[in-house]
Amino acid sequence: MIISIMAKANKSQTMTDALRQALQEAPSVRAVARATGVQQSSLVRFLSGETSLRLDKADRLAAHFKIKVIREGAEQ
């Protein structure tokens, strides 16, 4: 799954939004936790908006969901 960080009407979507969306669409938070090594409790708190994720955990989730970040103005 490749999630574009650009939402409709050229409004930028944050990495937090993209990760939450991917987690919500995942078959199981437990399976994501097993596959990424990120604790299920951390993922649940992140989904509920209680906490944010450390960058290393966000990186693991982005890699798992194949979320690609493209810096504006950077050549692809």
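Described below are features of the structure shown in this document. (Residues numbered from 1 in each chain as written. Predicted model: local features only at pLDDT ≥ 70, side-chain atom pairs only at ≥ 80, totals over all residues. Heavy atoms only, no water.)

1. Observations concerning the pattern of salt bridges
Alright, step 1. Scanning all chains against the criterion turns up two salt bridges.
Alright, step 2. A salt bridge links R54 to D56; the nearest nitrogen and oxygen atoms lie 2.7 Å apart.
Alright, step 3. A relative accessible area of 51% places R54 in the exposed class.
Alright, step 4. Residue class for D56 comes out partly exposed when judged on its relative accessible area of 34%.
Alright, step 5. With its nearest N and O atoms 3.7 Å apart, the salt bridge here joins R60 to D56. Taken together, the residues R60 and D56, both in helix α4 (residues 55-65) and four residues apart, mark about one turn of the helix.
Alright, step 6. Residue R60 is classed as partly exposed on the basis of its relative accessible area of 33%.
Alright, step 7. Connected through salt bridges with shared partners, the residues R54, D56 and R60 form a single ionic network. (Salt bridge = Lys/Arg side-chain N within 4 Å of Asp/Glu carboxyl O. Buried < 20%, exposed > 50% of the residue type's maximum accessible area, 1.4 Å probe, protein only. Helix = DSSP H or I, 4+ residues; strand = E, 2+ residues; numbered from the N terminus.)

2. Digging into the nonpolar core
Alright, step 1. In this structure, L19, L23, V32, L43, L61, F65 and I67 are the most contacted members of the largest nonpolar core, which totals 17 residues.
Alright, step 2. Of all the elements in the fold, those that place two or more residues in this core are α1 (15-25), α2 (29-36), α3 (40-48) and α4. (Core = buried A, V, L, I, M, F, W, Y, C linked by side-chain atoms within 4.5 Å.)

3. Digging into α4
Alright, step 1. Those residues of α4 not exposed but buried are K57, A58, L61, A62 and F65. The arc enclosing the buried residues of α4, seen along the axis, measures out at 135°, which places them on a common side. For α4, the exposed residues lying more than 90 degrees away from the buried face are L55, D59 and A63.
Alright, step 2. Those residues of α4 that are buried lie in contact with α1, α2 and α3.
Alright, step 3. Directly after α4, the chain includes K66, whose backbone phi takes a positive value near 55°. (Arc of directions from axis to C-beta. Contact = heavy atoms within 4.5 Å.)

4. Structural notes on the environment of F65
Alright, step 1. Its place among the elements puts F65 in helix α4.
Alright, step 2. Its relative accessible area of 6% is what places F65 among the buried residues.
Alright, step 3. The spacing of F65 and A18 is 47 residues in sequence and 9.7 Å in space, taken between C-alpha atoms.

Worth remembering: the numbers are spatial, not functional.
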